[in-house]
Structure formats: C-alpha cells, structure tokens
Amino acid sequence: MKKSIFFILMTFILIVFAAGCTKQQVKTDLGTAEQQKAAQKKSDVMSESIYPVEAADRIPPSEKSLIDFKDVLFDYDKYDIRTDGRAVLDSITPWLNKNKETKVLIEGHCDERGTNEYNLALGEKRAAAAKAYLISQGISSARLSTISYGEEKPVCLGHDENCLQLNRRAHFVVTK
Amino acid sequence: MKKQLSVKKILTLLFIIYCSLLTDSYAKVYIDITSPAFRKLPVSISYRGHETAKEAATIIKDDLDFTGIFYTIDPDVPGAEINIKIDVEVAEKIKADVYVFDLVENTAILSKRYTSSEEFLRTLAHTISNDIYYEITGENGIFKTKLSHIVSTSDKKWLYIMDWDGFNPKRVVTNGLTLNHAWSQDGMNIFFASARNKRWGIYMRELNSFREQPVFLSQGLNLVGGVNKNRIVFSSSKDGNPDIYIMNADGTDVRLLTKSSGIEVSPSFSPDGSRVVFVSDRSGTPQIYTMNSDGTNLRRLTFEGSYNTSPAWSPDGNRVAFVGRKNGKNQVFMIKSDGGDLTQLTFTGNNENPSLSPDGRYIAFDSDRTGRKGIYLMNIRGEGQRRITPGNVKTMNPKWSPYFK
C-alpha cells in the first residue's frame with residue numbers, strides 16, 4: 001500500500017518536472033486586451049502617438065522685456081566677455097542703476113555647431129560671465145538670474161557665420 | 001531519513017535524464033555571435049492562417065535581418081538552415097503557434113503558442129523574435145526594448161518613448177522644455193531635465209503610473225546624467241559653475257565629485273557603477289574623462305581633436321561611444337575605455353547623442369544627414385545605418401532602455 005502511494009507520488013512529480021524542462025507548447029500569454037488596455041490607459045492620459053510637426057523651422061518666441069538691450073556676443077566655444085561685449089554691458093549698467101526695482105534674467109545661447117548638452121553648459125557659462133561682469137559693476141546679484149537654452153532657441157536660422165555669431169549670445173530679459 | 005534521501009537522489013537523477021533527453025538540441029548555441037568570424041545564418045520564414053500571420057512574419061523577418069546575424073531567404077528556395085513556421089488563428093485573440101526547426105540536424109528548436117489581443121501584434125511578434133534569437137544565439141534579444149527621445153519644434157521639446165524599431169511613439173513629458181534623460185536600471189522610471197519657470201530641474205517619471213516627482217531643483221543648470229541602482233550622477237551649476245555631483249535617486253545625500261572653473265557636464269556611470277565618464281573643458285577644449293564614482297583616479301580618455309562630447313558606455317564597460325568634431329561636422333566615434341582603438345563610425349552630416357543597446361551590439365543616435373534631425377540605428381561597427389523616425393519630424397537624443405523584465 002505504502003509502496004503504491006509512493007509510486008503514484010513519484011509519477012506525479014516526474015510529470016511536473018517534465019513540464020518544467022520541456023519547451024513543447026509552453027504558452028506565453030501577453031494578457032487580454034482589457035489587461036493591456038488598463039496598463040496603457042494610465043499612460044494614455046498623457047500620451048498620444050502623435051508628433052508635433054512644423055512645416056519649416058521657425059525662430060522660437062522670445063520673452064517680453066521692459067527694455068531691449070543689445071545681446072553680448074561670444075566667440076565659438078568660448079565664454080569669456082570680449083571687448084565689444086564689455087561695451088554692451090557698460091551701456092546697460094547706468095539704466096540698471098537708475099531702475100533699481102527691475103530684475104534681469106540673463107539667457108545664455110549657443111550656435112548650432114556643438115552638441116546639445118554641452119551647449120547647455122556653455123550657454124550657462126556665457127550667462128554667468130555676463131552676470132559676473134554686471135555684479136563687478138555694482139549691480140546687486142539678487143536682481144540677476146541666469147538660464148541657459150543652449151542651441152535650442154536661435155535668434156537667426158541661417159547656417160552662415162553671421163547667423164552663428166548672432167546666436168552665440170547672452171540675452172537680457174528685464175522685468176519689474 | 002536515509003531512505004528519503006536516496007529517493008530524492010533517484011528523482012533528481014531521473015529528472016536530469018528526462019530533461020537531457022528532451023532538451024538536448026535546445027541547449028545548443030547555433031551561432032557564436034561573439035566570434036568575429038561568425039557567418040550569417042540563413043533562415044526561412046513561412047506562415048499560414050489568418051492574415052495577421054503575414055504581418056507577424058514580416059516583423060520577425062525585420063527583427064532578425066536587423067541583427068546582421070541572420071539573413072532571411074524565401075522558404076521555396078533551398079539553403080535555409082533554420083525554418084520558422086508561424087500559424088495564426090484569430091478568434092477573440094491572436095493565437096500564434098510558432099515552430100522553429102533546425103533543417104541541418106532535422107530537430108525542433110522551439111515549439112510554442114503565443115496569445116495576445118490583435119492590437120498588440122507587434123509586441124507579440126517581437127516576443128517571438130526574442131525567443132527565436134535566444135534559442136539560436138543563447139543571448140537575449142533587444143526586440144522588446146524601447147528608445148526614449150526628444151521631439152522638437154521651435155517652441156517645444158517633448159520627451160517620447162517608442163519601440164526600438166521606431167514604432168508606437170508615445171508622449172511622456174510635454175511640460176516645459178525637456179532635453180536630457182536617463183532610464184532607471186529596471187526600466188521602470190525615467191529621470192529627465194526640464195526647464196520650467198526659468199530654471200532647469202531634474203525630475204522623475206514612473207512609467208507605469210505616470211506619476212512625476214521633482215528630484216533636484218536649484219538655481220542654474222541641473223542636468224541628469226546616469227542612474228546606477230539608487231545613485232544618480234548629474235551636472236549642476238548650483239554653486240555657480242557646472243560641476244559633477246552624485247546623489248540618491250530621491251535627491252538626498254548630494255556630493256560634489258569634481259571642482260574646476262570650467263564646464264563639467266554629461267556624466268554617466270559605468271555599467272558596474274564604479275566609474276563615471278564625463279566631459280570637461282579643463283584642458284581648454286571639451287574632452288572626455290573618466291574617474292572613480294567617488295571622484296578619485298581621474299583619467300583623460302580623448303586626445304584627438306578639439307571637441308569631444310556626449311560619452312556613452314557600452315554595457316560591458318569596455319568601450320565608450322562619443323561625439324567628436326571632425327572637418328567641421330560632429331561624428332560618432334568609439335574608443336576603448338583605456339583610451340585605445342579609436343574608431344569613427346559615421347561620416348555624413350552631423351551625428352550626435354549615441355546610446356548603446358543593452359546587448360552592446362547596436363547604437364542609436366541622431367543625425368541631420370537628410371535635413372531634419374532624426375533617430376538612426378547602426379551596429380557598433382557603423383554598419384546598417386538607417387533612420388527609424390519620420391523625415392518630417394525633428395527628433396533627437398535617443399536613450400536605449402535596459403531589458404524589461
């Protein structure tokens with residue numbers, strides 16, 4: 001009696017084991033439509049399989065500024081202020097001293113030649129260089145903030161050096 | 001007690017014999033794809049049943065052809081060494097019976113039924129491809145991996161995720177300007193840097209729930225680099241200058257790794273988390289460096305050219321893909337992580353933002369070679385370059401997901 005129970009048990013275990021090691025007819029179920037939809041539905045709130053498309057490249061909209069200062073321009077892959085940039089910053093300083101209630105956001109920009117992520121860092125250094133110069137001229141750092149847009153917001157869409165130069169810039173957005 | 005032990009032994013022995021009888025052919029690796037001299041394996045695919053069988057067969061054919069390991073031939077033409085038969089029935093759901101035969105040794109390699117609802121045919125076909133690939137090569141296929149990437153217009157930079165072959169693009173982040181991003185190692189979360197309210201912050205989105213949370217916010221520029229287990233390496237100018245930092249995935253325990261007066265950006269962990277690769281302009285031009293993930297043992301990796309950025313590790317940690325500027329254009333290069341064996345992989349247009357597949361065999365990157373930037377794939381020798389995103393959409397910065405469980 002004991003033996004026959006043992007035999008049945010062993011046969012049963014063998015079958016279970018066999019199912020584990022064979023690859024015949026192993027069913028892979030990727031879930032029902034309902035299950036998969038439920039998993040997707042959460043994401044469908046935010047996601048559609050549509051791309052935004054533009055017919056042609058456009059100049060991105062720029063921030064409104066109380067006063068339009070000239071941009072400070074930079075050399076390729078550089079973030080030190082040139083002589084012409086110093087002249088631009090020197091011309092800004094008196095206005096900022098007169099209008100002490102204003103704040104300045106300094107945007108750092110790059111031309112399209114570098115890589116996106118490095119250009120974000122480069123733009124940040126350009127904005128920071130302009131900020132440091134204004135601070136050295138007595139403007140309170142509390143009024144100055146920076147943001148880099150790298151190569152993502154060009155002001156000129158051409159690929160010639162003239163355009164590239166205009167895009168390598170620190171741009172000033174003045175607010176109350 | 002003694003008797004039970006011996007029964008266990010017998011059972012184990014029987015099990016091993018039984019399994020080895022059944023699975024002898026399965027254990028065989030048909031081609032050693034790690035061998036530099038492997039030849040392409042001729043495969044034929046035949047299908048019958050419901051009309052979706054043809055579609056499934058085409059997806060599987062495209063998957064296998066992409067690898068460069070197989071070449072598919074017409075089932076009527078002799079010469080195939082492997083035959084794949086797909087039999088599809090559709091009632092409420094798709095039922096696909098797949099049989100894979102070794103025609104040389106006349107043995108079955110795979111016999112399996114797959115089911116899914118009809119709208120997930122591509123997922124079903126990619127699952128079949130993965131199983132076939134595994135049975136034949138002994139390695140995991142990448143056919144169910146994803147690519148996160150950025151879709152760009154003049155005023156939008158949105159984060160998307162699509163299948164590795166460019167299908168099923170989905171919006172993930174549309175809030176703010178989003179540029180760089182990194183997958184968590186389990187593929188469940190995406191960390192990304194977004195410019196919101198005039199500052200760059202690091203955020204995390206859970207891909208199942210779509211819940212989002214801020215991870216690191218401060219003045220200046222904050223760009224996520226890489227994720228390893230619970231640690232994140234990133235670049236921040238919170239103290240005035242872009243430097244490399246490391247922190248926990250929840251934004252706590254922030255530690256400075258590098259300090260220079262210049263730019264330090266684009267860090268990522270080696271696959272084992274022990275090293276960090278990053279870009280620094282401390283030599284006067286942007287170059288690629290590695291260091292231990294505590295900031296020690298700094299080494300310069302690139303010496304050729306005056307503009308080397310965007311480094312990405314290979315999954316085995318032996319190589320780094322990066323972008324170098326040559327003859328006025330950006331190109332994808334590979335270099336050994338000890339600095340040897342520099343190889344240029346792209347030659348037309350600007351080619352940027354390389355990211356390696358989890359099996360280390362392929363690279364996703366963006367290119368403007370035909371006008372608008374789009375996402376391309378190639379193998380790590382630079383072969384088989386092809387665009388996978390539409391020509392009229394500006395897409396960039398692909399990041400290859402890990403394998404999904």
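Residues numbered from 1 in each chain as written. Chains lettered and ligands numbered in written order. Predicted model: local features only at pLDDT ≥ 70, side-chain atom pairs only at ≥ 80, totals over all residues. Heavy atoms only, no water.

Draft legend 1. Representation of the overall build of chain A in the model. Check the secondary structure of chain A and you find 5 helices and 5 strands. In sequence order, chain A lays out its α and β elements as α-β-α-β-α-β-α-β-α-β. Put simply, chain A has 176 residues, and 44% of those count as buried. Carbon and sulfur atoms make up 60% of the accessible area of chain A, which totals about 9,600 Å². (Helix = DSSP H or I, 4+ residues; strand = E, 2+ residues; numbered from the N terminus. Buried < 20%, exposed > 50% of the residue type's maximum accessible area, 1.4 Å probe, protein only. Areas by Shrake-Rupley, 256 points an atom, 1.4 Å probe, with all protein chains shown as cover.)

Draft legend 2. Representation of helix α3 (residues 121-137) of chain B in the model. Residue and element names in this part refer to chain B. The terminal C-alpha atoms of α3 lie 24 Å apart, and with 17 residues this matches the ideal 24 Å at 1.5 Å per residue to within 8%. Of all 17 residues that make up α3, 15 are buried, and the element is covered over most of its length. Gly 138 sits one or two positions beyond α3 and adopts a positive phi of about 80°. (Expected span 1.5 Å × (residues − 1).)

Draft legend 3. Quick peek at the state of the cysteines. All names here are of chain A. Scanning the model with the defined rule gives 1 disulfide over all chains in all. Note on cysteine connectivity: Cys 156 is disulfide-linked to Cys 163, with sulfurs 1.7 Å apart. Taking the sign of the torsion about the S-S bond as the criterion, the disulfide between Cys 156 and Cys 163, at about -85°, is left-handed. You can call Cys 156 buried: its relative accessible area is 18%. Looking at Cys 163, the relative accessible area reads 4%, which means it is buried. We note that Cys 110 lacks a disulfide partner, and the nearest cysteine sulfur, in Cys 163, lies 15 Å from it. According to the relative accessible area criterion, Cys 110 is buried, its value standing at 4%. (Disulfide = S-S within 2.5 Å.)

Draft legend 4. Structural context of the packing of helix α2 (residues 52-66) of chain B against α3 of chain B. Residue and element names in this part refer to chain B. Two elements in contact, α2 and α3, have axes whose closest approach is 9 Å; the angle formed by their N-to-C orientations is 50°. Judged by the angle between their axes, α2 and α3 are oblique. As for the relative orientation of α2 and α3, their crossing is right-handed in sense. Between α2, through Thr 52, Glu 55, Ala 56, Ile 59, Ile 60 and Asp 63, and α3, the contact on the second element is made entirely by Leu 121, Arg 122, Ala 125, His 126, Ile 128, Ser 129 and Ile 132. Of the residues assigned to the contact of α2 with α3, the class counts are 7 nonpolar, 3 polar and 3 charged. (Axes fitted to C-alpha atoms, helices over the stretch in contact; angles between N-to-C directions. Parallel < 35°, antiparallel > 145°, perpendicular 65-115°, else oblique. Left-handed = near helix turned anticlockwise from the far one by under 90°. Contact = heavy atoms within 4.5 Å. Nonpolar A, V, L, I, M, F, W, Y, C, P; charged D, E, K, R; others polar.)

Draft legend 5. Expanded view of the pairing of strand β3 (residues 103-109) of chain A. All names here are of chain A. By the criterion of burial, β3 is predominantly enclosed, with 6 of the 7 residues buried. Note: β3 against strand β5 (residues 169-175), 6 bridges, orientation antiparallel. Opposite Lys 103, over in β5, you have Thr 175 as the bridge partner. Two elements, β3 and strand β4 (residues 144-150), share 6 bridges in a ladder whose sense is parallel. By the bridge assignment for β4, His 109 is matched with Gly 150. Regarding topology, helix α4 (residues 116-136) serves as the crossover connection from β3 to the parallel β4, and that connection is right-handed. (Pairing = 2+ DSSP bridges. Right-handed = clockwise from strand over helix to strand, strands pointing away.)

Draft legend 6. Structural context of the packing of aromatic side chains. For the coordinates displayed, the defined rule picks out 16 aromatic pairs over all chains. Pairing Phe 69 of chain A with Phe 172 of chain A gives two aromatic rings, centres 6.3 Å apart and planes at 80°, and the pair type is edge-to-face. Taken together, the residues span a long stretch of sequence, with Phe 69 of chain A in the loop between α2 (33-44) and β2 (72-73) and Phe 172 of chain A in strand β5 at a distance of 103 residues. Judged on exposure class, the residue Phe 69 of chain A and its partner Phe 172 of chain A are both buried. An aromatic cluster of at least three residues, connected via ring pairs, comprises Phe 66, Phe 70, Tyr 133, Phe 143, Trp 164 and Tyr 362 of chain B. The ring centre of Tyr 203 of chain B lies 4.2 Å from the NZ or CZ of Arg 196 of chain B, which sits over that ring. The cationic tip of Arg 369 of chain B hangs over the ring face of Tyr 376 of chain B; the distance from NZ or CZ to the ring centre is 4.6 Å. (Phe/Tyr/Trp six-rings, centres within 6.5 Å; stacked < 30°, edge-to-face > 60°. Lys NZ or Arg CZ within 6 Å of the ring centre and 35° of its normal.)

Draft legend 7. Representation of α4 of chain A in the model. All names here are of chain A. An ideal rise of 1.5 Å per residue puts 30 Å on 21 residues; α4 measures up with 30 Å between its terminal C-alpha atoms. Counted residue by residue, α4 has 16 buried out of 21 residues, so it is predominantly covered. Just downstream of α4 lies Gly 138, where phi reads positive at about 95°.

Draft legend 8. Expanded view of the sheet that holds strand β6 (residues 146-152) of chain B. Residue and element names in this part refer to chain B. Across the sheet, which stays open at both edges, the 4 strands sit in the order β8-β7-β6-β29 with antiparallel pairing between neighbours. Sheet topology places β8 (170-173) and β29 (395-400) at the edges, where each strand pairs with a single neighbour. When strand polarity is set aside, the average angle formed by the axes of neighbouring strands in this sheet is 30°. Where β6 meets β29, 4 bridges bridge the pair, whose relative direction is antiparallel. The residue of β29 that forms the bridge with Ile 150 is Met 396.

Draft legend 9. Broad picture of unusual backbone geometry. Even without glycine at this site, Asn 106 of chain B takes up a positive phi of about 55°. Not every positive phi belongs to a glycine, and Lys 198 of chain B is a case in point at roughly 65°.

Draft legend 10. Layout of the pattern of salt bridges. Residue and element names in this part refer to chain B. For the structure shown, the criterion picks out 31 salt bridges over all chains. Where Lys 61 meets Asp 65, a salt bridge forms, and the shortest distance between an N and an O atom there is 2.8 Å. Here the residue Lys 61 and the residue Asp 65 both occupy positions in helix α2, the gap between them amounting to 4 residues, near one helical turn. For Lys 61, a relative accessible area of 35% gives the class partly exposed. In this structure Asp 65 comes out as partly exposed when scored by relative accessible area, which is 26%. Across the pair Lys 259 and Asp 243 runs a salt bridge whose closest N-O atoms are separated by 3.2 Å. (Salt bridge = Lys/Arg side-chain N within 4 Å of Asp/Glu carboxyl O.)

Draft legend 11. The arrangement of the side chain of Asn 189 of chain B in detail. All names here are of chain B. Positionally, Asn 189 belongs in strand β10 (residues 189-196). Exposure remark for Asn 189: the relative accessible area of 18% places this residue in the buried category. In this view, Asn 189 contacts Ala 182, Trp 183, Ser 184, Met 204, Arg 205, Glu 206 and Leu 207; residues no more than four positions away in its chain are not counted.

Draft legend 12. Quick look at the domain arrangement of chain B. Residues and elements named next belong to chain B. Domain parsing of chain B yields domain 1 (41-137) and domain 2 (146-400). A C-alpha centroid distance of 35 Å is found between domain 1 and domain 2. At the interface, 7 residues of domain 1 touch 9 residues of domain 2. Considering only the side of domain 1, the residues that lose the most area to domain 2 are Phe 66, Arg 122 and His 126, jointly responsible for 70% of the buried surface there. The salt bridge partner of Arg 122 is Asp 165, with a shortest N-O separation of 3.0 Å. Viewed at the interface, domain 2 and domain 1 are joined by 3 residue pairs in polar contact (both at pLDDT 80 or more). Residue assignment for the side of domain 1 that touches domain 2 shows that the elements contributing at least two residues are α2 and α3. Per-element tally for the side of domain 1 that touches domain 2: the top contributor is α3, with 3 residues. (Domains from an automatic or database assignment. Buried area = accessible area lost by both parts, 1.4 Å probe. Polar contact = N/O pair within 3.5 Å; in protein donor to acceptor, adjacent residues only side chain to side chain.)

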